[in-house]
Amino acid sequence: MKQNYADSQEEKITLLSIPGLSIKMDNTQDLIRLEATGSLRKACTPFLSRINERLKVEKPALVTDDQVIASTWLPPIPSKPFKRLLMAETQIALGRYIPETVSFEITRNCKCNCEHCVVSGGEGDLDIDTMERAIDDVLDMGAMVIIFTEGDPMMREDIYELIDYVDKERAIVNMYTPGTEMTPGNAQRLKEAGLHNLLVSIYSTDPAKHDAVRRLDGAFEMATNAIRMGLEAGLLVTMATHVSPKNIAELPAMYGLAKELGVHEFSLWESVPRKKGDAIITEADRRTVLDMYHRINSTKGGPRIFSNSYFEGQMLGCMAGQRWMHVCVDGSVKPCPYIPFSYGNITQESVKDIWSKIRKDKAFRGQRGTCLMQEEGYLRLVDRIPEGASKPYDIEKLEP
């Protein structure tokens, strides 16, 4: 990945320095490369090697005079949140897992009525004091990516206050929205609050198909306009979609739309079944996604592609319960947005204690290349949730 940088930039920048480990960013040959020295070097070498390989062969989402944004899902290089990522990966290499990414459902309100929505059952939203305490707690645990999602965060009046509350010296903030509430003024307020990346999902290049998924007339026009407004406000913007057997053939056209809109990244997440028997992408479909990922990211021009088929499938493994934690709108906590089991509630116990319970579950031990919710054995466990029960379901109430 060749890039030009300001003449005044240092050739080597120290990203992390702790007893036994120093990680520096080397620009000596106009190529970003991370180098480690010290007695703990071997612990983080696998992770650094994976990052270096991606930096070498893939185009970044954005390059500025003083930072490289390899992906909108990662903190900029260099930055204090990226330093925290290096620290977390070093801890994980030593067996101490950290929830690097924490997603928060912050409201049930949404003008869309998508069948795939994973917002939790019940009523009401968490108050801002509880939200802020939880944000503080996960930052103290080492998180460096905070995501606000479900239903539409833009329909929560204090969304700008919540974004502003996150310490940007410790974490970046990403936000999903269907785009129904976006205006130029709202986009500017998001920028001023410190939003790192705006994510807007598009499910088809055909407006009628997208509207059908959202179950809202005009949803496609609102979503594409929201993307344009975010870009005009100077935000990083990602166009996202779920890859399913229904839309796998449309991905090239969707990338064309992403390129036309001028987004920084096209984010592909594999569709997740809700129960045993639901359709999932095949291995052939996955190879199609990976081929597109490698081809696009090694080609100049246009947005890069993020694919969890690569990031979780080949680079890090499934992040649920290992590097990811999800806080539901009622305060219950899951290992990721898609797993329908709760391991505790932040209104009743500490996030740290809940994370400890998740980590004790053998389902989240060891690296796996596919989502748990795509594995037949785990879906049999999901099928044991009583019919009609509200989700997420308390894992401790699951009958043996």
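Our subject is the structure listed above.
Predicted, not measured: the structure shown is a model, and the values here were computed from it. (Residues numbered from 1 in each chain as written. Predicted model: local features only at pLDDT ≥ 70, side-chain atom pairs only at ≥ 80, totals over all residues. Heavy atoms only, no water.)

Chemist: Would you explain the layout of surface pockets in this entry?
Modeler: Left-over empty space is what a probe sized like a water molecule reveals as it rolls over the atoms. One number sums up the size of the second largest pocket: a volume of about 380 Å³. Forming the boundary of the second largest pocket are 21 residues, of which Gln 67, Ile 69, Pro 76, Ile 172 and His 196 lie nearest the centre. For the lining of the second largest pocket, the secondary-structure elements that each account for two or more residues are α2 (80-93) and β8 (172-177). In terms of residue class, the lining of the second largest pocket is built from eleven nonpolar, six polar and four charged. (1 Å grid on protein atoms, 1.4 Å probe; cavity = no way out; pocket = protein on both sides within 12 Å on 5 of 7 lines; lining within 4 Å. Points joined across faces, edges and corners; volume = space filled by probe spheres on them. Helix = DSSP H or I, 4+ residues; strand = E, 2+ residues; numbered from the N terminus. Nonpolar A, V, L, I, M, F, W, Y, C, P; charged D, E, K, R; others polar.)

Chemist: I'm lost on the packing of helix α3 (residues 128-141) against helix α11 (residues 351-360) in this one. Help?
Modeler: Working note: a packed helix pair is described by the angle between its axes plus the distance between those axes. Their axes nearest at 9 Å, the elements α3 and α11 cross at an angle of 55 degrees. It follows from the interaxial angle that α3 and α11 lie oblique. Counted together, Asp 137, Val 138 and Met 141 of α3 and Val 351, Lys 352 and Trp 355 of α11 form the full contact between these two elements. Looking at side-chain class alone, the contact of α3 with α11 contains four nonpolar, no polar and two charged residues. (Axes fitted to C-alpha atoms, helices over the stretch in contact; angles between N-to-C directions. Parallel < 35°, antiparallel > 145°, perpendicular 65-115°, else oblique. Contact = heavy atoms within 4.5 Å.)

Chemist: Any chance you could explain the side chain of Glu 100 here in plain terms?
Modeler: With respect to the helices and strands, Glu 100 occurs in the loop between α2 and β6 (101-105). Excluding anything up to four places from it in sequence, Glu 100 contacts Leu 85, Ala 88, Glu 89, Ile 92, Ala 143, Met 144, Val 145 and Arg 323.

Chemist: Got a minute to help me understand a negative patch on the surface in this structure?
Modeler: On the surface, Asp 127, Asp 129, Glu 161 and Asp 164 cluster together into a patch of negative charge. Tracing the backbone shows Asp 129 in helix α3. (Patch = residues over 30% accessible without salt bridge, like charges linked within 9 Å, V, L, I, M, F, W, Y side chains within 5 Å. Areas by Shrake-Rupley, 256 points an atom, 1.4 Å probe, with all protein chains shown as cover. Salt bridge = Lys/Arg side-chain N within 4 Å of Asp/Glu carboxyl O. Lys, Arg positive; Asp, Glu negative; His and termini not counted. Charge placed at Lys NZ, Arg CZ, Asp CG, Glu CD.)

Chemist: What exactly am I supposed to notice about the state of the cysteines here?
Modeler: Disulfide: a covalent bond formed between the sulfur atoms of two cysteine residues. Here the structure, examined in full by the defined rule, presents zero disulfides. Of all cysteine sulfurs, the one in Cys 112 lies closest to Cys 114, which takes part in no disulfide; the gap is 5.0 Å. We classify Cys 114 as buried; its relative accessible area is 11%. (Disulfide = S-S within 2.5 Å. Buried < 20%, exposed > 50% of the residue type's maximum accessible area, 1.4 Å probe, protein only.)

Chemist: Got a minute to help me understand α3 in this structure?
Modeler: Residues three or four positions apart in an α-helix share a direction because the helix packs 3.6 residues into each turn. The end-to-end C-alpha separation of α3 is 20 Å, in line with the 20 Å expected for 14 residues at 1.5 Å each. Among the residues of α3, Ile 128, Thr 130, Met 131, Glu 132, Ala 134, Ile 135, Val 138, Leu 139 and Met 141 are the ones counted as buried. The secondary structure elements touched by the buried residues of α3 are α2, β6, β7 (145-149), α4 (159-165), β13 (324-327) and α11. A positive phi of about 120 degrees marks Gly 142, the residue just after α3. (Expected span 1.5 Å × (residues − 1).)

Chemist: Help me understand the sheet that holds strand β3 (residues 33-37), please; the structure alone is not making it clear to me.
Modeler: Strand pairing in a sheet relies on backbone hydrogen bonds. The paired strands run either parallel or antiparallel. The three strands lie next to each other as β1-β2-β3, forming an open sheet whose pairing is antiparallel. On the outer flanks of this sheet lie β1 (12-18) and β3, each paired with one strand and no other. Strand-to-strand twist in this sheet, taken as the mean axis angle between neighbours without regard to direction, amounts to 20 degrees. The pairing of β1 with strand β2 (residues 21-26) spans six bridges and is classified as antiparallel. Opposite Ile 13, over in β2, you have Met 25 as the bridge partner. Its contacts with the sheet put helix α1 (residues 41-57) on β2 and β3, and the angle it makes with β3 is roughly 175 degrees. Across the sheet, α2 is in contact with β1, β2 and β3; its angle to β1 comes to roughly 45 degrees. (Pairing = 2+ DSSP bridges.)

Chemist: Would you mind showing me how to read helix α7 (residues 219-232) here?
Modeler: Relative to the 20 Å expected for 14 residues at 1.5 Å per residue, α7 spans 20 Å between its end C-alpha atoms, a close match to the ideal helical length. Once α7 ends, the next one or two residues include Gly 234, with phi positive near 90 degrees.

Read these as spatial facts, not as claims about activity.
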